[in-house]
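Here is how the chains run, residue by residue.
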Amino acid sequence: FIYFFLLMGTFASAQDAPAKLVANQHITEATTDNGMRWNETTHDFGTIVQNTPQTAEFVVTNAGDEPLVITNVKSTCGCTAATHAEGPIAPGESTIVKATYTAKRVGPFRKAVKVSTNRSENPILLTVIGTVTETTP
């Protein structure tokens, strides 16, 4: 019974993470258990015009004591391209993972990029969301 309340308290505090709206992007700093700190894990492009590719830059900082190595970055569909800098990231240093959405289809979208590292068996999921319109909003 006590475990239930502890679990609910943890869930509530995660939902109350600091967030702010800056120029059409929802930024929530996220720290993972494995010594990686992301500026955001979900980027909201808001409303964008069809056939106008948009790029999100996810900044990851090595908050651990050992070098961080991004071993693979892969998008979950052909409409999103993902890139990252090669090489280890020293403790305290940062790098950028870019996710570019092509915006070919009209309507809402939610696309993911999987980031594999030497710190976790499971990839980190970075998400881009928004709505594509045929004309300028």
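Above: the structure in question.
If you're wondering where the values come from, they're calculated on a predicted model, not measured in any experiment.

Chemist: What am I meant to see in the environment of Gln50 here?
Modeler: Among the structural elements, Gln50 can be located in the loop between strand 5 (42-49) and strand 6 (54-62). Given the relative accessible area of 25%, Gln50 is considered partly exposed. Distance from Gln50 to Ala103, taken between C-alpha atoms, is 5.3 Å for residues 53 residues apart in sequence. Non-local contacts of Gln50, meaning those with residues more than four positions away in its chain, are made with Ala103, Lys104, Val106, Val132, Thr133 and Glu134.

Chemist: Help me understand the pattern of salt bridges in this model?
Modeler: Note that side chains of opposite charge can pair when their charged atoms are close. This model, assessed by the stated rule, comprises one salt bridge. Between Glu57 and Lys98 there is a salt bridge, with its nearest N and O atoms 3.8 Å apart. Linking Glu57 in strand 6 with Lys98 in strand 9 (residues 94-101), this pair joins segments that are 41 residues apart in sequence. Given the relative accessible area of 40%, Glu57 is considered partly exposed. Look at Lys98 and you get partly exposed, because its relative accessible area is 34%.

Chemist: Honestly, the environment of Cys79 in this entry has me stumped. Any pointers?
Modeler: Its place among the elements puts Cys79 in the loop between strand 7 (70-75) and strand 8 (80-84). When the C-alpha positions of Cys79 and Ala103 are compared, they lie 7.6 Å apart, and in sequence the two are 24 residues distant. Each residue touching Cys79, except ones within four places of it in the same chain, is listed here: Thr100, Tyr101, Thr102 and Lys111.

Chemist: Before we go on, may I ask you to explain the sheet that holds strand 7 in this structure?
Modeler: Taken together, the four strands give an open sheet; going across it, the order is 5-11-10-7, and neighbouring strands pair in mixed fashion. If you trace the sheet from one side to the other, it starts and ends with strand 5 and strand 7, each paired once. Each neighbouring strand pair of the sheet contributes to a mean axis angle of 20°, computed without reference to strand direction. Here strand 5 runs beside strand 11 (residues 120-133); their pairing, made up of six bridges, is parallel. Opposite Asp44, over in strand 11, you have Ile129 as the bridge partner.

Conventions adopted
Residues numbered from 1 in each chain as written. Predicted model: local features only at pLDDT ≥ 70, side-chain atom pairs only at ≥ 80, totals over all residues. Heavy atoms only, no water. Helix = DSSP H or I, 4+ residues; strand = E, 2+ residues; numbered from the N terminus. Buried < 20%, exposed > 50% of the residue type's maximum accessible area, 1.4 Å probe, protein only. Contact = heavy atoms within 4.5 Å. Salt bridge = Lys/Arg side-chain N within 4 Å of Asp/Glu carboxyl O. Pairing = 2+ DSSP bridges. Axes fitted to C-alpha atoms, helices over the stretch in contact; angles between N-to-C directions.

No statement about biological role is implied by the geometric values presented.
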